[in-house]
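# Observations on the three-dimensional arrangement
Listed below are the residues making up each chain.
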2 protein chains.
Amino acid sequence: MEYNVYASACPTRMIFDRISDKWALLILDRLCQQPVRFNQLLREIDGISQKMLSQTLKNLERDGLIKRQAFPTVPVTVEYSITALGKTLSSTVNVLIHWAQDNGDAVLAAQVEYDGRMAS
Amino acid sequence: MEYNVYASACPTRMIFDRISDKWALLILDRLCQQPVRFNQLLREIDGISQKMLSQTLKNLERDGLIKRQAFPTVPVTVEYSITALGKTLSSTVNVLIHWAQDNGDAVLAAQVEYDGRMAS
DNA sequence: TGATCTAGTTACCTAAAGGAAACTGGGTCG
DNA sequence: CGACCCAGTTTCCTTTAGGTAACTAGATCA
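Right, let's walk through the structure included here. (Residues numbered from 1 in each chain as written. Chains lettered and ligands numbered in written order. Predicted model: local features only at pLDDT ≥ 70, side-chain atom pairs only at ≥ 80, totals over all residues. Heavy atoms only, no water.)

On to the protein's contact with DNA strand C. Surveying the vicinity of DNA strand C reveals 19 residues, the closest of which are K51 and V74 of chain A together with S54, R68 and Y80 of chain B. Atoms of DNA strand C within 4 Å of the protein: sugar and phosphate make up 66%, bases the balance. One of the side-chain N or O atoms of S54 of chain B is found 2.5 Å from a phosphate oxygen in DNA strand C. Contact between DNA strand C and K58 of chain B: a phosphate oxygen at 3.1 Å from a side-chain N or O atom of the residue. Every element with two or more residues in the surface near DNA strand C is listed here: α4 (50-62) of chain A together with α3 (38-44), α4 (50-62) and β3 (77-82) of chain B. With 4 residues, the top contributor of residues to the surface near DNA strand C is α4 of chain B. (Near = heavy atom within 4 Å. Polar contact = N/O pair within 3.5 Å; in protein donor to acceptor, adjacent residues only side chain to side chain. Helix = DSSP H or I, 4+ residues; strand = E, 2+ residues; numbered from the N terminus.)

Take a look at the structure:
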């Protein structure tokens, strides 16, 4: 089977959809550093809602990218950690995040230039 | 200014939103190979509509990632090409696409395993 | 004159994404 | 007993993404 991401029927497209999910990428990057609990993620990832966090974590676990582990402490704590598969992806995602941080100014400048050019 | 992608107010977040756009990534990857015309992209990127293509191209141009160039041929042809800035991004995106192609089977297998585990 | 190429734009509409906030449930503290 | 912790789930509602399809416009060919 020839994989071609430009074909809509290609299974890679489905994975591509998952990858192009802002919350998933942020969570993956965060878990790459160390295992994190649910509410800790909720506090650290600014702007995410409980619902989206729960949903995204479930998807990531289903994809085999992260692992959920509940500890019978009181109150119960749940730790999310990255899997070996997830690690291979997150290293790429990391580069993407760094690109955004490094080139933010350049993109912003391009936008200003474009808007000025279009307005005139 | 400290850049922190986990903060919702951070400008990198805005760029991050743009990056996590399936069509943008596909177009960027395609243009990385060589300049392509509008209708050619429409034909090659399976499933994209005229509207989304036009919209995404405009965004990418505004971000300084691609360049639009019209030629006074008959009928007029418009060529989209990648910029230097876009090239730095697309090389990362490329790795992402290859990851999806290489690890598609592993993810699919994880999903099957997860679904079986949840059903029981 | 009407069809066809180019590269789009616009209007309409629907399906889905996702936010806010309330609620569950088990356990502990005061 | 009531308040508060964690880790979610559910409901409701609004906004947006994005698809379809029609339309613009200039030039050419038959």
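So, next bit.
Turning our attention to the pattern of salt bridges. Opposite charge on two side chains permits pairing when their charged atoms draw close. All names here are of chain A. Tallied over the full model, the rule gives 6 salt bridges over all chains. Between R117 and E113 there is a salt bridge, with its nearest N and O atoms 3.1 Å apart. You can see R117 and its partner E113 sitting in helix α5 (residues 84-119), 4 residues apart, about one turn around the helix. Residue class for R117 comes out partly exposed when judged on its relative accessible area of 41%. (Salt bridge = Lys/Arg side-chain N within 4 Å of Asp/Glu carboxyl O. Buried < 20%, exposed > 50% of the residue type's maximum accessible area, 1.4 Å probe, protein only.)

For the rest of this paragraph, the subject is the state of the cysteines. Inspection of the entire model under this criterion finds 0 disulfides over all chains. The thiol sulfur of C32 of chain A is not disulfide-bonded, and the nearest other cysteine sulfur, from C10 of chain B, lies at 19 Å. (Disulfide = S-S within 2.5 Å.)

Another aspect to go through is the packing of aromatic side chains. The full count for this structure, using the stated rule, is 0 aromatic pairs over all chains. Here K22 of chain A stacks its cationic end above the ring of W23 of chain A, 4.6 Å away from the centre of that ring. (Phe/Tyr/Trp six-rings, centres within 6.5 Å; stacked < 30°, edge-to-face > 60°. Lys NZ or Arg CZ within 6 Å of the ring centre and 35° of its normal.)

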